Amino acid sequence: MERKIVKLQGLPVDTFSFDDAVDYALHSHGQVVTINPEMIAYARKNKDFAAIIENAELITPDGIGVEIGLKILGNSVKRIAGVELARKLIEMYTAEKKSVALVGAKPEILAKTVENLKNQIPEINIVYAQDGYFTDEQTVFDALKNAKPDLLLTALGSPKQEIFNNRIKEILPQTLAIGVGGSFDVWSGVVKRAPVIWQKLGLEWLYRTLKEPKRFKRIFPTLPLFVLSVIKERIFRKV
Ligand code: UDP
């Protein structure tokens, strides 16, 4: 399957549907970035982070912000929730008898995530699980090199997880690594996703902000500034 990439604020975004993204990822290795406006804003200030995104093997539009941004530029691309993509990849990798590793989140969240995944996907082959509060990164890299997972999920928040996964590409060139943000918190059952109707309306961000008001400062002013910046991009057709 060929990638069809569009640009948003100078950064690439893949236009695959959910199913095609899963299919593409299943037969790839390297790095999956589930891009959102906060990451785009950060990449515009940080060239190294921008380069990591540009060199990713798959960049999926995570959330309504990116969907709206692309729409303003005339591209109708449907958003792909990173948490759903990652979950589907675990199922598909498991169905192909491929192994999985998890890195990230608090120890008790990770433990509960492993327990829940094992219950829900009995055939799952988790070859390594490490919480996200380690001090010696090299030990984790060495352990991963040993475990050789086919699929690696990193829940370290952004940009940590993208930087981590970028390093993994050199260490484990055959692995597919995806940064999954707060997904373990959801899979552990500790954090609930917004009800489906909120998701469908593209208001999951609002639901999460209402539930966890400290997220407010992450969304504002980033989200409105992002939209303004894309409108400017549209008007001047340059970033
Ligand atoms: N996290 C971690 N190590 C760190 C910082 C964060 O494991 O040093 C975890 C955190 O516990 C959470 C996840 O990374 O499970 C990211 O959560 P966040 O809500 O920031 O994700 P996002 O909103 O970016 O999806």
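In this report, we go over the structure that sits alongside the text. Values in this document were obtained by computation on a predicted structure and should not be read as measured data.

Observations regarding the nonpolar core
1) Next: In this structure, Leu89, Ile90, Leu102, Leu151, Leu153, Ile178 and Phe184 are the most contacted members of the largest nonpolar core, which totals 34 residues.
2) Next: Formed by 21 residues, the second largest nonpolar core is a distinct cluster that contains Ile35, Ile40, Ile59 and Leu73.

Re helix α7 (residues 137-147)
1) Next: Residues Val140, Phe141 and Leu144 constitute the buried set of α7. The buried residues of α7 all sit within an arc of 100° when viewed along its axis, so they share a single face.
2) Next: As for α7, its buried residues are in contact with β5 (100-104), β6 (126-130), β7 (151-155) and α8 (160-171).
3) Next: N-cap assignment for α7: the residue whose side-chain oxygen lies 3.2 Å from the backbone N of Gln138 is Asp136.
4) Next: Among the residues trailing α7, Lys148 stands out with phi positive, at a value near 45°.

Brief notes about the site of the ligand
1) Next: With respect to spatial proximity, 15 residues lie near the ligand, and among them Ala105, Gly132, Tyr133, Lys160 and Asp185 are the closest.
2) Next: Take Ala105: an N or O atom from its main chain is 2.8 Å from an oxygen atom of the ligand.
3) Next: Between the ligand and Lys160 there is a distance of 2.5 Å, counted from an oxygen atom to a side-chain nitrogen or oxygen.
4) Next: Within the complex, 77% of the 550 Å² of free accessible area of the ligand lies under protein.
5) Next: Each residue belonging to the shell around the ligand can be placed in one class, and the counts come to four nonpolar, five polar and six charged.

Notes on the environment of Ala51
1) Next: Relative to the elements of secondary structure, Ala51 occurs in helix α3 (residues 47-54).
2) Next: The sequence separation of Ala51 and Leu11 amounts to 40 residues, and the corresponding C-alpha distance is 9.3 Å.

Topic: the packing of α7 against α8
1) Next: Look at α7 against α8: their axes get within 11 Å of each other, and the N-to-C directions meet at 45°. As far as their axial angle goes, α8 and α7 are oblique. Classified by chirality, the crossing of α8 by α7 is right-handed. In this structure, α7 uses Glu137, Gln138, Val140, Phe141, Leu144 and Lys145 to contact α8, whose residues at the interface are Phe164, Arg167, Ile168 and Ile171.
2) Next: Looking at the contact of α7 with α8 residue by residue, the classes come out as six nonpolar, one polar and three charged.

Structural notes on the packing of aromatic side chains
1) Next: All chains considered together, the criterion is met by seven aromatic pairs.
2) Next: Measuring from centroid to centroid gives 4.9 Å for Phe16 and Tyr24, while their planes differ by 35°, and the two rings are tilted. Across the pair, Tyr24 and Phe16 agree in class, each one buried.
3) Next: Taking the centre distance of 5.1 Å and the plane angle of 55° together, the rings of Tyr42 and Phe49 count as tilted.
4) Next: Members of the aromatic cluster, joined through ring pairs, are Phe134, Phe141 and Phe164.
5) Next: Above the ring of Tyr93, the side-chain terminus of Lys98 is found at 5.1 Å from the ring centroid.

A word on the sheet that holds strand β8 (residues 176-179)
1) Next: Here we have six strands laid out as an open sheet, ordered β4-β3-β8-β7-β5-β6, and parallel in their pairing. At either margin of the open sheet sits one strand with a lone partner, and together these are β4 (58-61) and β6. Strand after strand, the sheet turns through a mean of 15° between neighbouring axes, direction not considered.
2) Next: In this structure, strand β3 (residues 30-35) lies alongside β4, joined through four bridges in parallel fashion. Paired with Val32 across the two strands is Leu58, which belongs to β4.

Procedures and definitions
- Residues numbered from 1 in each chain as written.
- Predicted model: local features only at pLDDT ≥ 70, side-chain atom pairs only at ≥ 80, totals over all residues.
- Heavy atoms only, no water.
- Core = buried A, V, L, I, M, F, W, Y, C linked by side-chain atoms within 4.5 Å.
- Buried < 20%, exposed > 50% of the residue type's maximum accessible area, 1.4 Å probe, protein only.
- Helix = DSSP H or I, 4+ residues; strand = E, 2+ residues; numbered from the N terminus.
- Arc of directions from axis to C-beta.
- Contact = heavy atoms within 4.5 Å.
- Polar contact = N/O pair within 3.5 Å; in protein donor to acceptor, adjacent residues only side chain to side chain.
- Near = heavy atom within 4 Å.
- Areas by Shrake-Rupley, 256 points an atom, 1.4 Å probe, with all protein chains shown as cover.
- Nonpolar A, V, L, I, M, F, W, Y, C, P; charged D, E, K, R; others polar.
- Axes fitted to C-alpha atoms, helices over the stretch in contact; angles between N-to-C directions.
- Parallel < 35°, antiparallel > 145°, perpendicular 65-115°, else oblique.
- Left-handed = near helix turned anticlockwise from the far one by under 90°.
- Phe/Tyr/Trp six-rings, centres within 6.5 Å; stacked < 30°, edge-to-face > 60°.
- Lys NZ or Arg CZ within 6 Å of the ring centre and 35° of its normal.
- Pairing = 2+ DSSP bridges.

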